[in-house]
Amino acid sequence: MIMTSTTDWETYLLNLDKIVSPAYAAVIRTFWSRLVEAVPNLPPPQAGPGGELGFCLAWDTPTLHVDMDLAEDGTWEWFYSRRDRDEYGGSDGPADAEEALLIDWLKEVGSQ
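## Re the packing of helix 1 (residues 6-14) against helix 2 (residues 22-38)
Okay, so step 1: In the contact formed by helix 1 and helix 2, the axes pass within 10 Å of each other and the chain directions differ by 145 degrees. Residues Trp 9, Leu 13 and Leu 14 of helix 1 pack against Ile 28, Arg 29 and Trp 32 of helix 2.
Okay, so step 2: Its residues assigned to classes, the contact of helix 1 with helix 2 comprises 5 nonpolar, no polar and 1 charged.

## Remarks on the environment of Leu 57
Okay, so step 1: Mapped onto the elements, Leu 57 comes out in strand 2 (residues 54-60).
Okay, so step 2: Looking at Leu 57, the relative accessible area reads 2%, which means it is buried.
Okay, so step 3: Sequence spacing of Leu 57 and Asp 104 is 47 residues, and the spatial spacing of their C-alpha atoms is 16 Å.

## Notes on helix 3 (residues 99-111)
Side chains of residues three or four places apart in an α-helix project in the same direction, reflecting 3.6 residues per turn.
Okay, so step 1: Look at helix 3: 18 Å from first C-alpha to last across 13 residues, which is about the 18 Å you get at 1.5 Å a residue.
Okay, so step 2: Turning to helix 3, its buried residues number three or more, namely Leu 102, Ile 103, Trp 105, Leu 106, Val 109 and Gly 110. Around the axis of helix 3, the buried residues are gathered within 165 degrees of arc, so they sit on the same side. Along helix 3, the residues that are exposed and aim more than 90 degrees away from the buried face are Ala 100 and Ser 111.
Okay, so step 3: As for helix 3, its buried residues are in contact with helix 2, strand 2, strand 3 (64-70), strand 4 (76-82) and strand 5 (87-90).

## Some words on helix 1
Okay, so step 1: Every buried residue belonging to helix 1 is among Trp 9, Tyr 12 and Leu 13, and all of these are buried. Along the axis of helix 1, the buried positions cluster into a sector of 100 degrees, meaning they face one direction only. Turned more than 90 degrees from where helix 1 packs its buried face, Thr 7 and Leu 14 sit exposed.
Okay, so step 2: Looking at the buried positions of helix 1, the neighbouring elements they touch are helix 2, strand 1 (46-50) and strand 2.

## Some remarks on the pairing of strand 4
Okay, so step 1: Within strand 4, 6 of the 7 residues are buried, which leaves it mostly tucked inside the rest of the structure.
Okay, so step 2: Across 7 bridges, strand 3 lies against strand 4 in antiparallel orientation. Pairing of Asp 67 across the sheet is with Phe 79, part of strand 4.
Okay, so step 3: A loop of 5 residues connects strand 3 with strand 4, the two strands running antiparallel in sequence, and Gly 74 in this loop sits at a positive phi of about 90 degrees.

## Points about the packing of helix 2 against helix 3
Okay, so step 1: One way to put it is that helix 2 packs onto helix 3 with a least axis distance of 10 Å and a crossing angle of 65 degrees. You can see that helix 2 and helix 3 cross each other, and the crossing is right-handed. Where helix 2 approaches helix 3, its residues Arg 34, Leu 35 and Ala 38 are matched on the opposing element by Glu 99, Leu 102, Ile 103, Leu 106 and Lys 107.
Okay, so step 2: Counted by class, the contact of helix 2 with helix 3 contains 5 nonpolar, no polar and 3 charged residues.

How each quantity is defined
Residues numbered from 1 in each chain as written. Predicted model: local features only at pLDDT ≥ 70, side-chain atom pairs only at ≥ 80, totals over all residues. Heavy atoms only, no water. Axes fitted to C-alpha atoms, helices over the stretch in contact; angles between N-to-C directions. Helix = DSSP H or I, 4+ residues; strand = E, 2+ residues; numbered from the N terminus. Contact = heavy atoms within 4.5 Å. Nonpolar A, V, L, I, M, F, W, Y, C, P; charged D, E, K, R; others polar. Buried < 20%, exposed > 50% of the residue type's maximum accessible area, 1.4 Å probe, protein only. Expected span 1.5 Å × (residues − 1). Arc of directions from axis to C-beta. Pairing = 2+ DSSP bridges. Left-handed = near helix turned anticlockwise from the far one by under 90°.

See below:
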């Protein structure tokens, strides 16, 4: 789902247990809280069930794309593409050790 405002995203999060299990909704809300605590100006993502692990969050700017898949058990993986530098990377597997790098890219998303 494409979010057009922070209010839309907050409403979506509140109603998430109508889309996924209540336990999975709690995992997603907790993870979002961690991201927003680290990146207060992070815009709402495009988000919804799907991706390789079950729930996808994505941000797209003219120069940068970041997406991540979050599993019901809280594990996650992510990918970024910096279009203006032909640079890309991320993780292909549990990415907890790379959270600081993900946060750095999300800070860049929040600054655009």
